[in-house]
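Here is what each chain is made of, one letter per residue.
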Amino acid sequence: MADILLTTLNARYIHSSLGLRYLLVNLGELRHRAKLIEYTIEGQPLEIVESLLSHQPMIIGFGVYIWNVEQITKVIALLKQVAPEIIIVIGGPEVSHEWDEQHVVRLSDYLITGMADQRFAQLCQKLLNGERPSEKIMHADVVPLSEIALPYDFYTDEDIAHRILYVEASRGCPFKCEFCLSALDKTAWAFDLDAFLGEMDKLYQRGARHFKFVDRTFNLKIDHSAKILEFFLERLDEKLFLHFELIPDHLPDRLKTLIARFPNGSLQFEIGIQSFNPEVQKLISRKQDNAKSCDNLIWLRQQSHAHLHTDLIIGLPGETLESLAAGFNELIALDPHEIQVGILKRLRGMPLWRHENEFALRFNPAPPYNILSTRDIDFSTMLRLNRFARFWDLIVNSGHFSHTRSLILGDKPFEQFLTLSDWLYARLQQTHKIALKRLFDLLYLALTDIFGHDAERAREVLLQDYAQSGQKGRPEFGVETSTKEINHSTGANRRQRRHQ
């Protein structure tokens, strides 16, 4: 039983909620009356409600995000039907802006916007004392980070063994990139580094080896960055894995020296390029030195063992299909391990919304609020690019086709992969639930049919990838049935060309 329940619906079981753990530890004397319980978005709302009610809570606090708002709305609607006496408090990025139009806010009793580490505790204290504040919308004041208790003791042994541990050495961001809610921050604030590293040491001593830093700008303050890297280098073993988000154009020699000491498999950098188009960068208030960013990516790829996960965004105002292709091809030439091709989303409160009329930005009204079209990219083309991003994940980012990759991309990677994406969708009419073995067969056909590669060469590289894929049985590409499909497809293409 618990008077206060803290809960959310994570995207997957391996994820854990850092925000809820902050709320729990900062409840102070109410901590012993509270419980944290996490679900996933795959859970059934009725079953989640049954589980929540089994704890007989007086207050339930929900962490609401873009990926779970629809499911949480259903859960709260059910709770209000079967247990209307329970007080529902919500918070999180999805409900901290433009709350007037949100159904989940109307269903709830209270909303706390912003960083609610202490505000939630104050509200719970009043509610448990029988007070019911009249204001429904409460805005959390920004408090010094030194006054916020750190939550890392509330990662359980099961979390350490089976889930990603999210940690943060700082909050906020000094940059003003308009597609990001961090543009609303005034600056970045750092936690006391000695206290933070003391908590990291306790996690390490308990067996934690996978640390995902959620800092928006890990390499903003080099002294702090260096001290964190030195801390983990002193504890380096074969299981340690660290994830950081890097500013691409800020990598001084002091950091390079430390980064170069990490062995293969221990370090991953998420590097947001977003766009190489200077005009787009200016429009969205993104300050990025493209030349330095490229130089740093080259150094990281050639002089370090870090895994490089880079990001591009489709649908930014002013970005055309041609400029997107040029930026993608430029990034491919830098050879990062991954390129995450993201689709622009309309995050509530983001400053980018000011460009809506001039650039005809049209977003999906339902989560995840993805861009549908812009002045420069029409709806049909945007759907093609969505499919491009999905097939890119399946084929290239998955790592299943590392030998085949160069044959697919050729000397015009964006153009060739878009052709492949269109071809795959024309055959499959879907981008999900595609068996890996089927994908091997299709790529053989694509390499030989639409790209004109020699059949033996295509078979050779695909067999290399197939041997490393873990697939059982004999691949079908190259056997009689595939040959018939090739002949049929080639004949169809010839007939189509005759009519053009």
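Relevant structure appears above.
Since this is a predicted model, take the numbers as computed values, not measurements. (Residues numbered from 1 in each chain as written. Predicted model: local features only at pLDDT ≥ 70, side-chain atom pairs only at ≥ 80, totals over all residues. Heavy atoms only, no water.)

### Examining the sheet that holds strand S12 (residues 267–274)
The strands making up a sheet associate through backbone hydrogen bonding, with each pair oriented either parallel or antiparallel. Read from one edge of the open sheet, six strands run S7-S10-S11-S12-S13-S14, paired in parallel fashion. Two strands close off the open sheet at either side, each with one partner strand: strand S7 (165–167) and strand S14 (338–343). Each strand of the sheet is rotated relative to its neighbour by a mean of 25°, with strand direction disregarded. Pairing of strand S11 (residues 241–246) with S12 involves five bridges; the strand directions are parallel. Bridge assignment links Glu245 to a residue of S12, and that residue is Glu270. Docked against the sheet, helix H12 (residues 321–334) engages S12, strand S13 (307–314) and S14, running at close to 175° with respect to S13. (Pairing = 2+ DSSP bridges. Helix = DSSP H or I, 4+ residues; strand = E, 2+ residues; numbered from the N terminus. Axes fitted to C-alpha atoms, helices over the stretch in contact; angles between N-to-C directions. Contact = heavy atoms within 4.5 Å.)

### Focus: the pairing of S14
Pairing of S13 with S14 involves six bridges; the strand directions are parallel. In the sheet register, Thr310 faces S14, and the bridge partner there is Ile339. Crossover S13 to S14 through H12 is right-handed. (Right-handed = clockwise from strand over helix to strand, strands pointing away.)

### Some points on the sheet that holds strand S6 (residues 137–139)
An order of S2-S1-S3-S4-S5-S6 is seen for the six strands of this open sheet, with the pairing classed as parallel. Every interior strand has two partners, whereas the edge strands, strand S2 (34–40) and S6, have only one. This sheet shows a mean twist of 20° between the axes of neighbouring strands, independent of strand direction. Here five bridges tie strand S3 (residues 59–63) to strand S4 (residues 87–91), and the two strands are oriented parallel to one another. Each residue of the ladder has a partner; that of Phe62, found in S4, is Ile90.

### Considerations on the nonpolar core
Note on soluble globular proteins: their nonpolar side chains tend to be buried together. With 111 residues, the main nonpolar core has Tyr152, Leu203, Phe211, Phe232, Phe269, Ile395 and Phe417 as its most contacted residues. Sequence-distant contacts of Phe417, that is, excluding residues within four places in its chain, are made with Phe388, Phe391, Trp392, Ile395, Val396, Ile408 and Leu409. Counting 27 residues, the second-largest nonpolar core is a separate cluster that includes Ala2, Val49, Phe62 and Leu79. (Core = buried A, V, L, I, M, F, W, Y, C linked by side-chain atoms within 4.5 Å. Buried < 20%, exposed > 50% of the residue type's maximum accessible area, 1.4 Å probe, protein only.)

### Some remarks on the packing of aromatic side chains
Enumeration according to the criterion identifies 22 aromatic pairs in this entry. With 6.2 Å between their ring centres and 75° between their planes, Tyr152 and Phe196 make a pair best called edge-to-face. Separated by 44 residues along the polypeptide, Tyr152 in the loop between S6 and helix H6 (157–162) and Phe196 in helix H7 (residues 193–205) bring together distant segments of the chain. Since its relative accessible area comes to 0%, Tyr152 is described here as buried. When the centroid spacing of 5.4 Å and the interplanar angle of 80° are considered together, the rings of Phe328 and Phe388 count as edge-to-face. Taken together, the residues Phe328 in helix H12 and Phe388 in helix H13 (residues 379–397) connect sequence positions 60 residues apart. With a relative accessible area of 0%, Phe388 lands in the buried category. A network of ring pairs unites the aromatic residues Tyr152, Tyr155, Phe196, Phe211, Phe213, Phe218, Phe231, Phe232, Phe244 and Phe269 as a single cluster. Above the face of the Tyr425 ring, Arg387 is positioned so that its terminal group lies 4.1 Å from the ring centre. (Phe/Tyr/Trp six-rings, centres within 6.5 Å; stacked < 30°, edge-to-face > 60°. Lys NZ or Arg CZ within 6 Å of the ring centre and 35° of its normal.)

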